[in-house]
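Descriptive analysis of the structure
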Amino acid sequence: MSKKLWGGRFTKSESKSATEFNASIDFDQKMYRQDIAGSRAHAAMLAKQGIISQDDAAAIDAGLAEILADIEAGKIEFTIENEDIHMNIESILTERIGEPGKRLHTARSRNDQVAVDFRLWTKEAAISVLDDLKRLLNSIYEIADKHKDSIMPGYTHLQRAQPVTPAYHFMAYFHMFKRDYSRFCDCIDRMDYLPLGSGALAGTTYNTDRRFLAEQLGFAGIVENAMDAVSDRDFALEFLSNASICMMHLSRFCEELIIWSSTEFKFIEIDDAYSTGSSIMPQKKNPDMAELIRGKTGRVYGDMITLFTLMKGLPLAYNKDMQEDKPPVFDAAETLRACINIFADMLDTMTLNTDIMEQAAKSGFMNATDAADYLVSKGVPFRECHEIIGQIVLYCINHGKAIEELSLQQLQDFSPKFGPDIYENIDLRACVKAKKSEGSTSFESVNKMLSDAKAYLIEIE
Ligand code: ARG
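Just so it is clear, the structure is predicted and the values come from calculations on it, not from any experiment. (Residues numbered from 1 in each chain as written. Predicted model: local features only at pLDDT ≥ 70, side-chain atom pairs only at ≥ 80, totals over all residues. Heavy atoms only, no water.)

**Thoughts on the overall build of the chain**
Looking only at helices and strands, one finds 20 helices and six strands in the chain. Taken over the C-alpha trace, the chain has a radius of gyration of 31 Å; the compact-globule value for 461 residues is 23 Å, which it surpasses by more than 25%. Expressed as lengths along the three principal axes of its C-alpha atoms, the size of the chain is roughly 100 × 50 × 40 Å. Taking as baseline every contact in the chain between residues at least 6 positions apart, the subset at least 24 positions apart corresponds to 75%. (Helix = DSSP H or I, 4+ residues; strand = E, 2+ residues; numbered from the N terminus. Rg over C-alpha atoms; globule rule 2.2 N^0.38 Å. Contact = heavy atoms within 4.5 Å.)

**Observations regarding the packing of aromatic side chains**
Inspection of the entire model under this criterion finds 16 aromatic pairs. Relative to Y456, the ring of Y181 lies with its centre 6.4 Å away and its plane at 85°, an arrangement referred to as edge-to-face. In this pair, Y181 sits in helix α8 (residues 166–191) while Y456 sits in helix α20 (residues 443–460), placing the two residues 275 residues apart along the sequence. The pair formed by Y181 and Y456 is uniform in burial state, with each residue classed as buried. (Phe/Tyr/Trp six-rings, centres within 6.5 Å; stacked < 30°, edge-to-face > 60°. Buried < 20%, exposed > 50% of the residue type's maximum accessible area, 1.4 Å probe, protein only.)

**Examining the state of the cysteines**
Within this structure, the stated rule accounts for zero disulfides. Looking at C246, it has no disulfide partner, and the nearest cysteine sulfur is the one in C339, 9.2 Å off. Just so you know, C254 is unpaired, no disulfide at all, and the nearest cysteine sulfur is the one on C339, 7.7 Å from it. The exposure class of C254 is buried, given its relative accessible area of 0%. (Disulfide = S-S within 2.5 Å.)

**With respect to the pairing of strand β1 (residues 152–156)**
The sheet contact formed by β1 and strand β2 (residues 159–164) spans five bridges and is antiparallel. Residue pairing in the sheet places T156 in a bridge with Q159 of β2. As consecutive antiparallel partners, β1 and β2 are separated by two residues, and within that stretch H157 has a phi angle of approximately 55°, a positive value. (Pairing = 2+ DSSP bridges.)

**Some thoughts on the site of the ligand**
The ligand sits among S24, D28, D84, H86, R110, N111, V114, Y318, Q323 and K326. The contact in question runs from a nitrogen atom of the ligand to an N or O atom on the side chain of S24, over 3.4 Å. Interatomic distance of 2.8 Å between a side-chain N/O atom of D84 and a nitrogen atom of the ligand. Ranked by residues supplied to the shell around the ligand, first place goes to helix α7 (residues 110–146) with three residues. Residues of the shell around the ligand, tallied by class, amount to two nonpolar, four polar and four charged. (Near = heavy atom within 4 Å. Polar contact = N/O pair within 3.5 Å; in protein donor to acceptor, adjacent residues only side chain to side chain. Nonpolar A, V, L, I, M, F, W, Y, C, P; charged D, E, K, R; others polar.)

Listed below in structure tokens is the structure:
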């Protein structure tokens, strides 16, 4: 059995089952680039500080560059005997360059090493998510901009409530994802501090230069307390929390698309390229992508709960439990990114049946609030108006009519305050147009939202 890098104080070798159980190389090999970058910076720092020789540092650097190329060319096989990505790379390095390889781990522990690798990985993932979100925001903007003149029902309790424009509905999602974007930016800022150079938990006795390391690895600064540096996984928890919120937004959007694509609604047509059929029912066209995204939301929540549960109650500093921190983050990052992109694809190719949407907006008394507002404008207190219109709606339901289908005389039987101008006031388009509050569904307000969104998209580009 090969000797462990940490084997000095041991007289017996680890059991095979313990070796298997203990190893994380299966999943943490994903961090090979970050591990090598961290080690190259560390070696450069050790040489700059005179802790190892320039020659040793040069040999380490060249060796690591070669290992990186070999991993990327698929030429390297990792082993569970070397447990994790850190010890796999270090032992390959030592095999290849001999003694200088054994000096690499001076003034470093795997605890600060894994902390820096994982932060680098998570930071890169968060930056990639920003790119994905930009793409999604652009897709939402486009579909909103295309549908700013038509009308659809707006819902509460999934009951027809008030007429809105599809652009307005889509822009609500724009703002949700815009917040997601800013949440990921915030978490990147907060995780942008270097844990490397903290040693196992207490710092090191060497004259290291952590600020140099931070600069080399592109961090804004260093984690100030070494014990915190090796114990902290807040950055991963924030990433998972942000991913969960973003998935929840996607899931709500998906739920609406699923409902809207049903035969009962027929508001949208999801492109064939993003739909699937049934193996038994020839007529079926299912919104599988949207359903899967909704389903994968549960999976990302699970990832988040996994890490929250894992961290709860861990004493400082490092504990081996923390080796289990990576799979949920890797899984959530991959899932979130795939979901955002497939969702944007679906949005880019889907079509709206605006006629059907508009037709739907015509029933369901969506202008009832506007009819009440009309009476308010004639001096009737709002609560009374509400009661009067409620009675009119009941009458309409019993007689299969819409409010605008009643004659002026019929309306005046409910309130003498109705005049002939009621009809132009409860026309659907007029209802939308009449909204005056900032942020409303009026055409003017949505145009402003769209131009603000455009400016935002240019700003983050
Ligand atoms: N594979 C370990 C992890 O992922 C690396 C750190 C191990 N440190 C230790 N002292 N056992 O957390």
